[in-house]
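Here's the letter readout for the chains.
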Amino acid sequence: MEKFTIVQSRAIPLAIENIDTDQIIPARFLKATDRKGFGNNVFRDWRFDKEGNLNVGFTLNDAKYSGEILVTGHNFGCGSSREHAAWAIGDYGFKVVISSFFADIFKGNALNNGLLPVEVSPEFLKQLLDTITANPETEIKVDLEAQTITLLASGESESFEINDYKKTCLLNGYDDIDYLLNQKEKIEQFEQQNS
């Protein structure tokens, strides 16, 4: 995985609550097991109509919005436990998803795949959504080391929680196997001392 430290970017607002994994990546696109290519169908039924035409009213299709940060409504990633949802969001180009609440399984899948779910207060989420909607060029800074998210225009900031192990993995670009391999010397020392 790529090392994650700071993401400073514009953001795309998606002010919809209770977005489930089937809305993120519809089940009919889950036939592949390779992580690549899922971004083409992220939010497929919202981005395109039934004939396959672009839905120009959907924020991901609105040229005024861009960036590596997706700001969403409350309870993001609920529904079935498909890892493909995290793959699709990451493959589309997002590095951070911000919400006031994430479904646990989605949150775990995101962290395991190098996508940072940042949980903020409902008040700060509303402020982010309102600010981005009013000014699409608004930049947000997400600092994983400091565990802070900042609206750069105003300097307003909020801290966020993350599991220490997952933070270490993201900062170093480790998956679970990489983390264990990095601990090889300590494991060997332990074995020598306890054999």
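Please refer to the structure placed before this passage.
To keep things clear, this report deals only with the structure shown in the data block. All figures in this text were calculated on a predicted structure; none of them were measured in a lab.

**Quick word on the pattern of salt bridges**
- A full pass over the atoms with the stated rule returns seven salt bridges.
- Close ionic contact of Asp-45 with Arg-28 constitutes a salt bridge, the shortest N to O distance being 2.5 Å. Of the two residues, Asp-45 sits in helix 2 (residues 44–47) while Arg-28 sits in the loop between helix 1 (21–24) and helix 2, which places them 17 residues apart along the sequence.
- Overall, Asp-45 belongs to the partly exposed group, its relative accessible area being 45%.
- Overall, Arg-28 belongs to the partly exposed group, its relative accessible area being 45%.
- Where Asp-62 meets Lys-64, a salt bridge forms, and the shortest distance between an N and an O atom there is 3.9 Å.
- Lys-64 gets classed as partly exposed once you look at its relative accessible area, which sits at 43%.
- Bridged by salt links that share partners, the residues Glu-2, Glu-68 and Lys-95 form one connected network.

**Some details on the sheet that holds strand 3 (residues 96–99)**
- Ordered in space as 4-3-2-1-5-6-7, the seven strands form an open sheet in which the pairing is mixed. With partners counted over all chains shown, the strands left at the sheet margins are strand 4 (116–119) and strand 7 (157–159), one partner each. Across the sheet, the axes of successive neighbouring strands diverge by a mean angle of 25°, strand direction being ignored.

**Considerations on the packing of aromatic side chains**
- In this structure the tally under the stated criterion is eight aromatic pairs.
- Note on Phe-43 and Trp-46: the rings are 5.7 Å apart at their centroids and 5° apart in plane angle, and the pair reads as stacked.
- Grouped by ring-pair contacts, the aromatic residues Phe-43, Trp-46 and Phe-58 constitute a single cluster.
- Positioned above the aromatic ring of Phe-48, the side-chain terminus of Arg-44 is 4.3 Å from the ring centre.

Scoring rules and cut-offs
- Residues numbered from 1 in each chain as written.
- Predicted model: local features only at pLDDT ≥ 70, side-chain atom pairs only at ≥ 80, totals over all residues.
- Heavy atoms only, no water.
- Salt bridge = Lys/Arg side-chain N within 4 Å of Asp/Glu carboxyl O.
- Helix = DSSP H or I, 4+ residues; strand = E, 2+ residues; numbered from the N terminus.
- Buried < 20%, exposed > 50% of the residue type's maximum accessible area, 1.4 Å probe, protein only.
- Pairing = 2+ DSSP bridges.
- Axes fitted to C-alpha atoms, helices over the stretch in contact; angles between N-to-C directions.
- Phe/Tyr/Trp six-rings, centres within 6.5 Å; stacked < 30°, edge-to-face > 60°.
- Lys NZ or Arg CZ within 6 Å of the ring centre and 35° of its normal.

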